[in-house]
Amino acid sequence: MTKAIDTINYTHVFGHRHLLGIAELSPHDIEYLLERADKAVSVSRQVEKKKMVLRGRTQINLFFEPSTRTQASFELAGKRLGADVMNMSVASSSVKKGETLVDTAITLNAMQPDLLVVRHHSAGAAELLAQKLVGCSVINAGDGAHEHPTQALLDALTIKRNKGRVARLTVAICGDVLHSRVARSNIILLNALGARVRLIAPSTLLPIGVERLGVEVFNSMEEGLKDCDVVMMLRVQRERMTGALIPSAREYFRFYGLDSERLKYAKEDAIVMHPGPMNRGVEISSEVADGPQSVIEEQVEMGVALRMAVIETLIETNDRLDNEKKHKEEQK
Ligand code: NCD
């Protein structure tokens, strides 16, 4: 298991041109991004919200799946850094998989962007673009049920700001783990920073071999929530379900929904999270979602700051690595 760290190593040099998944980051990379994001929060709270460090740079958001908050968050983050941001939303249903992704990427690459933010329904889509198709930095904004790294990072930032640390906290991730890239990225990140991770879900909504991910598995909310510091709810992703994995919304809520009675099983000061969009009355009651323990709105605010930090870091890193490469070639 990776050693947990509570403080940032200021001499840390971030070495990634792309952000494709949490799995490729070291604990120091993660802490570095969280520290930068924490500083970016104050920029968004100022009256004048712009920091023009990316003036003249172009960011393209390429979304093959519908998204409101993630796309808006990336757009605002880029704009607050002074970049020109273009949104391209491609309706996935009408196009053939793969072909469109590749063709669109080649076309957009010819427009010389500095950053491509991509969301796609296939696992590995962002990686394919980064490795084979485009010459700029790529951020994975969600690829199938694989990873959603900026969501896990903004969740960690929210946890740190509320609890002071991530290490040694008990975090329960509850609900539709099977279809959730948010759960996957969070499991990897929370383990890397030394938290204790629990999954609470019916067996039908758990991936095969889940025990190997370094988690404790519960089928009962009451048992799993006991002594938790953080309760992370997941959306029931009906659009990804092919068969009847849950009986009905009402039955689901009865056994796996988070209401105020059930929340009492967690620690008294536990925080409640949800990546959105929420199905109120299915996985979470309105009373809890809007209640005093909820940090769901704060997650949205942290999302912009975290994405500012990621965008700035990747573009800086890309510039640095390009310069180093050029320097080496000149010396040959
Ligand atoms: C998540 C996603 O798209 O994976 N949402 C998000 O990024 N705001 C979770 C979800 O769709 O349930």
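For the structure, see preceding data.
Observations concerning the overall build of the protein
And step 1. Within the protein, the secondary structure is distributed over 11 helices and nine strands.
And step 2. The C-alpha atoms of the protein give a radius of gyration of 20 Å, which matches the 20 Å a tight globule of 332 residues would have.
And step 3. Considering only C-alpha atoms, the protein reaches an extent of 65 × 45 × 40 Å along its principal axes.
And step 4. Across the 332 residues that make up the protein, the buried fraction comes to 54%.
And step 5. If you take every contact in the protein between residues at least 6 apart in sequence, the share linking residues at least 24 apart comes to 75%.
And step 6. For the protein, the separation between the mean place of its 43 positive charges and that of its 43 negative charges on side chains is 1 Å.

Side note on the environment of E268
And step 1. Looking at the secondary structure, you find E268 in the loop between α9 (260-263) and β9 (271-273).
And step 2. Each C-alpha atom, one on E268 and one on F255, is 21 Å from the other, the two residues being 13 residues apart in sequence.

Describing the sheet that holds strand β4 (residues 137-143)
Within a beta sheet, neighbouring strands are joined by backbone hydrogen bonds and run either parallel or antiparallel to one another.
And step 1. Taken in spatial order, the four strands make up an open sheet running β2-β1-β3-β4, and their pairing is parallel. Edge positions in the sheet fall to β2 (84-89) and β4, since each has one partner strand and no second. Direction aside, neighbouring strands of the sheet carry axes that sit 15° apart on average.

Concerning the packing of aromatic side chains
And step 1. Using the criterion set out here, one finds two aromatic pairs in the structure.
And step 2. Judged by centre distance (5.8 Å) and plane angle (35°), the ring pair of Y252 and Y256 falls under tilted. With Y252 and Y256 both in helix α8 (residues 249-256) and four residues apart, this pair spans about one turn of that helix.
And step 3. By relative accessible area, which is 3% here, Y252 ends up buried.

Thoughts on the side chain of S294
And step 1. With respect to the helices and strands, the residue S294 is situated in the loop between α10 (286-289) and α11 (296-331).
And step 2. Judged by relative accessible area, which is 18%, S294 ranks as buried.
And step 3. Reaching out from S294, the side chain makes a polar contact with the backbone oxygen of A289 at a distance of 2.8 Å.
And step 4. Within the structure, the side chain of S294 is placed 3.3 Å from the backbone nitrogen of I296, a separation counted as a polar contact.
And step 5. Beyond its immediate stretch of four places on either side in the chain, S294 contacts V272, V288 and A289.

Considering the packing of helix α1 (residues 27-45) against α11
And step 1. Relative to each other, α1 and α11 sit at 120°, their axes nearing to 7 Å. On the basis of their axis angle, the class for α1 and α11 is oblique. Seen from above, α1 lies across α11 with right-handed handedness. Contacts from Y32, L33, L34, R36, A37, A40, V41, V43, S44 and R45 of α1 reach α11 at E301, M302, V304, A305, L306, M308, A309, V310, E312, T313 and E316.
And step 2. Split into classes, the residues belonging to the contact of α1 with α11 amount to 14 nonpolar, two polar and five charged.

A closer look at the side chain of H12
And step 1. The topology assignment puts H12 in the segment before α1.
And step 2. In this structure H12 comes out as buried when scored by relative accessible area, which is 17%.
And step 3. At 2.6 Å, the side chain of H12 and the side chain of D29 are in polar contact.
And step 4. With residues near it in sequence (within four places) discarded, H12 still touches S26, H28, D29 and Y32.

So, the site of the ligand
And step 1. Looking at the ligand, the residues that line it are R69, T70, R119, H148, Q151, R181, V182, R235, Q237, P275 and G276.
And step 2. Between the ligand and the protein, one listed contact pairs an oxygen atom with a side-chain N or O atom of R119 at 3.1 Å.
And step 3. P275 places a polar main-chain atom, nitrogen or oxygen, 3.3 Å from a nitrogen atom of the ligand.
And step 4. Out of a free accessible area of 310 Å², the ligand has 95% covered by protein chains.
And step 5. When contributions to the shell around the ligand are tallied by element, the ones reaching two or more residues are α2 (69-80) and α6 (181-192).

Overview of the environment of I311
And step 1. Mapped onto the elements of the fold, I311 is located in helix α11.
And step 2. On the accessibility criterion, I311 (0% relative accessible area) is buried.
And step 3. Contact partners of I311, with chain neighbours within four places excluded, come to L54, Q59, F74, A77, G78, L81, L115 and I139.

Side note on the sheet that holds strand β5 (residues 170-174)
And step 1. Pairing within the open sheet is parallel, and its five strands lie in the order β7-β6-β5-β8-β9. Two strands lie at the open edges of the sheet, namely β7 (216-218) and β9, each paired on one side alone. Adjacent strand axes in the sheet meet at a mean angle of 20°, parallel and antiparallel pairs treated alike.
And step 2. Direction of pairing for β5 relative to strand β8 (residues 230-233): parallel, over a ladder of four bridges. Across the sheet, the residue bridging to V171 is V230, located in β8.

Looking at the pattern of salt bridges
And step 1. Counted by the stated rule, this structure contains 19 salt bridges.
And step 2. For R57, the salt bridge goes to D114, with nearest N and O atoms at 3.5 Å. With R57 in the loop between α1 and β1 (58-63) and D114 in the loop between α3 (99-109) and β3 (115-120), the pair connects residues that are 57 residues apart, well separated along the chain.
And step 3. Two residues, R320 and E324, come together in a salt bridge whose shortest N-O distance is 3.5 Å. Placement of both R320 and E324 in helix α11 is noted, with a separation of four residues, approximately one turn of the helix.

Reading the values: rules and limits
Residues numbered from 1 in each chain as written. Predicted model: local features only at pLDDT ≥ 70, side-chain atom pairs only at ≥ 80, totals over all residues. Heavy atoms only, no water. Helix = DSSP H or I, 4+ residues; strand = E, 2+ residues; numbered from the N terminus. Rg over C-alpha atoms; globule rule 2.2 N^0.38 Å. Buried < 20%, exposed > 50% of the residue type's maximum accessible area, 1.4 Å probe, protein only. Contact = heavy atoms within 4.5 Å. Lys, Arg positive; Asp, Glu negative; His and termini not counted. Charge placed at Lys NZ, Arg CZ, Asp CG, Glu CD. Pairing = 2+ DSSP bridges. Axes fitted to C-alpha atoms, helices over the stretch in contact; angles between N-to-C directions. Phe/Tyr/Trp six-rings, centres within 6.5 Å; stacked < 30°, edge-to-face > 60°. Polar contact = N/O pair within 3.5 Å; in protein donor to acceptor, adjacent residues only side chain to side chain. Parallel < 35°, antiparallel > 145°, perpendicular 65-115°, else oblique. Left-handed = near helix turned anticlockwise from the far one by under 90°. Nonpolar A, V, L, I, M, F, W, Y, C, P; charged D, E, K, R; others polar. Near = heavy atom within 4 Å. Areas by Shrake-Rupley, 256 points an atom, 1.4 Å probe, with all protein chains shown as cover. Salt bridge = Lys/Arg side-chain N within 4 Å of Asp/Glu carboxyl O.

These values are about where atoms sit, not about what they do.
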